[in-house]
Amino acid sequence: MADLVELTRDNQIAIVTINNPPVNALSPAVAQGIAHAIDQASRDDSIKAVVLMGAGRTFVAGADIKEFDKITSGQTSRAAGLLPLLLQIENGKPAVAAIHGSAFGGGLELAMATHYRVAAPASQLGQPEVKLGIIPGAGGTQRLPRLVGLAKAVEMCAEGNPISAREALTLGLVDRLIEGNLSAGALQFAREISERPAPKTREREEKLRQPEQHEPLFSGARERVRAKQRGMIAPLAAVDAVEAATQLSFEEGCQLEQKLFRKCLFSDQSKALIHIFFGEREVAKIPDVPKETPVLPINSVAVVGAGTMGGGIAMVFANAGIPVLLKDADQPALVRGLATIEKNYQSSIKRGRFTRQYVDERLKLIQPTLSYDDFGKVDMVVEAVFEGIALKKDVFAQLDRACRKDAILASNTSTLNIDEIASATSRPESVIGTHFFSPANVMRLLEIVRGQRTGKQMIATCMQLAKKLGKIGVLVGNCRGFVGNRMFHHYVREAVFLVEEGASPQAVDQALYDFGMALGPLATGDLAGLDVGWRIRKEYRHLENPAVRQPIVGDRLCELGRYGQKTGAGWYRYDENRRAIADPEVNDLIRKWAIEAGIPQREISATEIVERCIYALLNEGARILEEGVALRSADIDIIYVNGYGFPSYRGGPMWYADTVGVKNVYQRVGDFRARHGELWEPAPLLRRLAEENRTFAGFSRLQPATV
Ligand code: 3H9
């Protein structure tokens, strides 16, 4: 305990330093240590004020998230443990929180219980609990509105985004910014306030008055939350808790907060979101590529192909400050590509995301070219040409000639065999897949595809680069479609089967949207372009078993030129604002084609739609996991939450299977096998885990993914 919290002094000022690396999480032992130090300071009459600070890279990033599992599993009941500590601080000698790095969650609650806050300009303050499916549980919903006002407090607690120290200063959450040495500045501040009466946050009522504004403020917040955080319970609970600050005393408000906090903490949503939190950090850990693996510096790159993906990828690098050579084969394609990049940046300026000056600086980093002449200067190349193996091999053969021996040669292929692409070079160890998701400059996911001979240094470099680019890199094995698209294929197949069996496209999309998917599978197809899948299906048709049912109506739509949004019609019709409108004509056509193919028509429930599509997804996920194409079930979950709009509050497909119960899923998959044939053959791992009463989360293959 002594190590976790240290008490020192500087003349009449006590300094309480929290030292619990890496982020000074408030574990029960840390809370106890702070209580002990504050107690000692209060007993010492020569101490006039207290400075509370964090050692290392940050103040306090919140309660220890690992403890929550112990609470929900009944091992401990310490959820309310922080409240008495915060009252002890607030009732004690004048205290100043000295903030650097992050003051998040319980860390901000701790800082708000002190009488003053000073901060380094680069620090961030926030109540991110809703991102973990919970709400602040140590008085944050009651103290924050007293310091920043109701509107900002409700936004911070319900949306979970942090604010900068500068904004916190303007709002009154921080009393002074300290440039330079934070502890010296905090001590100076503490000396200044040591003789003044210490204001208790819980007694500050002035920002809570204005009852006439309360109703629209809270109803507006609920509306926003329902739209932006659809399906999540914690944000609404956070609004209720902040509203309580206007209706109840501080103590009663804290009691209500506690009740809501516990309700959220014990929910499946919170468990799923905490799984995602740790999963996002876990994916960076690759058993046979240790942290110490040397990485190559990536200070310049080239992108081959200036189409939608290539242009988006060029923007990703430029946004990270890395200069990019953007190559295409002919001048008009290059001009079109650059115009699209400019248009995309324009819309970011319009939405207030970037300034004109920022965009001009980024654009200067993108150099168009028609030749490979300068490729010898770059550290890495990302190929993003049309999805065809012959073309890709041709490009890689040229890259092999043009690039330095230590350059990384990456392909943005979404389905093709990375080893076959690598075979076109004399250096397969330098070849890797970097599968960006569309739009590349927006989507967070980056599948990093490991070939048979990809070097560990390339993997380590790409994983680190992903972080630098603001992406979540997930290492996957080499197989058709890798993890994400390979699973998605089964999901969409069932969606089309359901339409052929009698469900309307709207009914299918609505059921999955209500399940929490960002967009239904058919609307997703219209957005991506139905011709893309059609072309791939045609290419692989020779591999299909003619005895196994294949979807038919998707191809028929393409034959009619209905490619989706880009042709104004696909599964839906689209108006000039690209709004999807149910199309009776397409529904009639589907019905006619299905009847002609002898497919019996019936009523299909939303429950069946969800089970058919989602269970098809996770049955394939189980195969992928068993084969080692994904290292952990969490890796699949992270891919689906960040790349495919799977609801984070369900924890990803594999976590969802665990929540439903692997046995229950296995039984339903068995029912579908009996009814719909061999496409529903249960994955061996699904069967095994069901029989052994185990979970996907408990299963880790953790072998290098090399299929
Ligand atoms: C809360 O406070 C509830 C309260 O109302 C009180 C209720 C009673 N606990 O992200 P990084 C680990 S809820 C435990 O890679 P960065 C993390 O897993 C909490 N562990 O670093 C990782 O471990 P590993 C509200 C934590 O520099 C390592 O620290 N607070 C915690 O990119 C490094 O993390 C939050 O939600 C934690 N609270 O980002 C803040 N935080 O190395 C959550 C981190 O083994 N944290 N770890 O993989 C963050 O947002 C980021 O970690 C932060 C640093 C921005 C602080």
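Everything quoted here is computed from the prediction, not taken from an experiment.

**Describing the overall build of the protein chain**
A tally of regular secondary structure across the protein chain gives 29 helices and 19 strands. What you see for the protein chain is a C-alpha radius of gyration of 28 Å, in line with the 27 Å of a compact globule of 707 residues. Oriented by its inertia axes, the alpha-carbon framework of the protein chain measures out at about 85 × 60 × 50 Å. Of all 707 residues assigned to the protein chain, the portion counted as buried reaches 55%. Just so you have it, the protein chain exposes about 29500 Å², and 52% of that area is on carbon and sulfur atoms. Of the side-chain charges in the protein chain, 86 are positive and 83 negative, and the distance between the mean point of each set is 1 Å.

**With respect to the side chain of N478**
Within the secondary structure, N478 sits in the loop between β17 (472-477) and α19 (484-501). Looking at N478, the relative accessible area reads 5%, which means it is buried. Only 2.8 Å separates the side chain of N478 from the side chain of N417, close enough to count as a polar contact. Reaching out from N478, the side chain makes a polar contact with the side chain of D419 at a distance of 3.2 Å.

**Observations regarding the domain arrangement of the protein chain**
Domain annotation for the protein chain reports domain 1 (5-266), domain 2 (301-476) and domain 3 (487-691). Across the contact, twelve residues belong to domain 2 and ten residues belong to domain 3. Both faces combined, the contact of domain 2 with domain 3 buries some 1000 Å², and carbon together with sulfur accounts for 65% of it. Counting across the interface, domain 2 meets domain 3 through zero salt bridges. At the junction of domain 2 with domain 3, the criterion picks out one residue pair in polar contact (both at pLDDT 80 or more). Elements with a minimum of two residues in the side of domain 2 that touches domain 3: β16 (445-450) and β17. With four residues, β17 is the largest single contributor of residues to the side of domain 2 that touches domain 3. Its residues assigned to classes, the side of domain 2 that touches domain 3 shows nine nonpolar, one polar and two charged.

**Examining empty space enclosed by the protein**
Scanning the model with the defined rule gives three cavities of 30 Å³ or more in all. Space inside the largest cavity adds up to approximately 60 Å³. The element contributing the most residues to the lining of the largest cavity is helix α1 (residues 28-43), with three residues. A class-by-class count of the residues in the lining of the largest cavity yields five nonpolar, three polar and one charged.

**Quick word on the site of the ligand**
The local shell around the ligand holds 28 residues, among which R57, G106, E109, E129 and R281 are the closest. The side chain of E129 places a nitrogen or oxygen atom 2.8 Å from an oxygen atom of the ligand. The separation between an oxygen atom of the ligand and a polar side-chain atom of K285 is 2.8 Å. Alone, the ligand offers 1000 Å² of accessible surface; in the complex the protein occludes 78% of this. Elements represented by at least two residues in the shell around the ligand include exactly α2 (66-72), β5 (102-104), α4 (106-113) and α12 (268-282). Among the elements that make up the shell around the ligand, the one with the highest residue count is α12 (three residues). Its residues assigned to classes, the shell around the ligand shows 16 nonpolar, five polar and seven charged.

**Considerations on the packing of helix α6 (residues 150-159) against helix α9 (residues 211-228)**
The N-to-C vectors of α6 and α9 enclose an angle of 20°; their axes lie 11 Å apart at closest approach. Here α6 lies roughly parallel to α9, going by the angle between them. As for the relative orientation of α6 and α9, their crossing is right-handed in sense. For the pair α6 and α9, the contacting residues are L150, A151, V154, A158 and E159 in the first and H214, L217, F218, A221, R224, V225 and K228 in the second. Each residue belonging to the contact of α6 with α9 can be placed in one class, and the counts come to eight nonpolar, one polar and three charged.

**Observations concerning the sheet that holds strand β7 (residues 124-126)**
On the basis of which strands lie adjacent, the open sheet formed by three strands has the order β5-β7-β8 and mixed pairing. Each of the sheet's edge strands pairs with one partner strand only, and the pair in question is β5 and β8 (163-164). Pairing analysis gives three bridges linking β5 to β7, with the strands arranged parallel. Its bridge partner lying in β7, S102 is registered against Q124. Set on the sheet, α4 makes contact with β5 and β7; between it and β5 the angle comes to about 90°.

**Notes on the pairing of strand β10 (residues 301-304)**
Here β10 shows no split at all, with V301 and V303 on one side and A302 and V304 on the other all buried. Looking at chain direction, β10 and strand β13 (residues 380-383) are connected through four bridges and run parallel. Bridged to V303 within β13 is V382. Pairing geometry for β10 and strand β11 (residues 324-327), over four bridges, is parallel. Residue pairing across strands places V303 opposite L326, the latter belonging to β11. Once you follow β10 into helix α13 (residues 308-319) and on to β11, the crossover reads as right-handed.

**A word on the pattern of salt bridges**
Tallying each qualifying case throughout the model produces 56 salt bridges. A salt bridge links R541 to E544; the nearest nitrogen and oxygen atoms lie 3.8 Å apart. Because the salt bridges share partners, they merge into one network encompassing R493, E494, E500, E501, R549, R602, E608 and R612.

**Observations concerning the side chain of S27**
By secondary structure assignment, the location of S27 is in the loop between β2 (13-18) and α1. On the basis of relative accessible area, S27 is assigned to the buried category, the value being 10%. Leave out the neighbours within four places in its chain, and S27 touches N20 and D64.

**As for the packing of helix α5 (residues 140-148) against helix α10 (residues 234-247)**
Closest axis-to-axis distance for the α5/α10 pair is 8 Å, and the angle between their directions is 60°. Judged on the interaxial angle alone, α10 and α5 are oblique. Considering only the axes of α5 and α10, their crossing is right-handed. On the side of α5, the interface is formed by T141, Q142, P145 and R146, while α10 contributes A241, V242, A244 and A245. Of the residues that constitute the contact of α5 with α10, the class distribution is five nonpolar, two polar and one charged.

Rules used throughout
Residues numbered from 1 in each chain as written. Predicted model: local features only at pLDDT ≥ 70, side-chain atom pairs only at ≥ 80, totals over all residues. Heavy atoms only, no water. Helix = DSSP H or I, 4+ residues; strand = E, 2+ residues; numbered from the N terminus. Rg over C-alpha atoms; globule rule 2.2 N^0.38 Å. Buried < 20%, exposed > 50% of the residue type's maximum accessible area, 1.4 Å probe, protein only. Areas by Shrake-Rupley, 256 points an atom, 1.4 Å probe, with all protein chains shown as cover. Lys, Arg positive; Asp, Glu negative; His and termini not counted. Charge placed at Lys NZ, Arg CZ, Asp CG, Glu CD. Polar contact = N/O pair within 3.5 Å; in protein donor to acceptor, adjacent residues only side chain to side chain. Domains from an automatic or database assignment. Contact = heavy atoms within 4.5 Å. Buried area = accessible area lost by both parts, 1.4 Å probe. Salt bridge = Lys/Arg side-chain N within 4 Å of Asp/Glu carboxyl O. Nonpolar A, V, L, I, M, F, W, Y, C, P; charged D, E, K, R; others polar. 1 Å grid on protein atoms, 1.4 Å probe; cavity = no way out; pocket = protein on both sides within 12 Å on 5 of 7 lines; lining within 4 Å. Points joined across faces, edges and corners; volume = space filled by probe spheres on them. Near = heavy atom within 4 Å. Axes fitted to C-alpha atoms, helices over the stretch in contact; angles between N-to-C directions. Parallel < 35°, antiparallel > 145°, perpendicular 65-115°, else oblique. Left-handed = near helix turned anticlockwise from the far one by under 90°. Pairing = 2+ DSSP bridges. Right-handed = clockwise from strand over helix to strand, strands pointing away.

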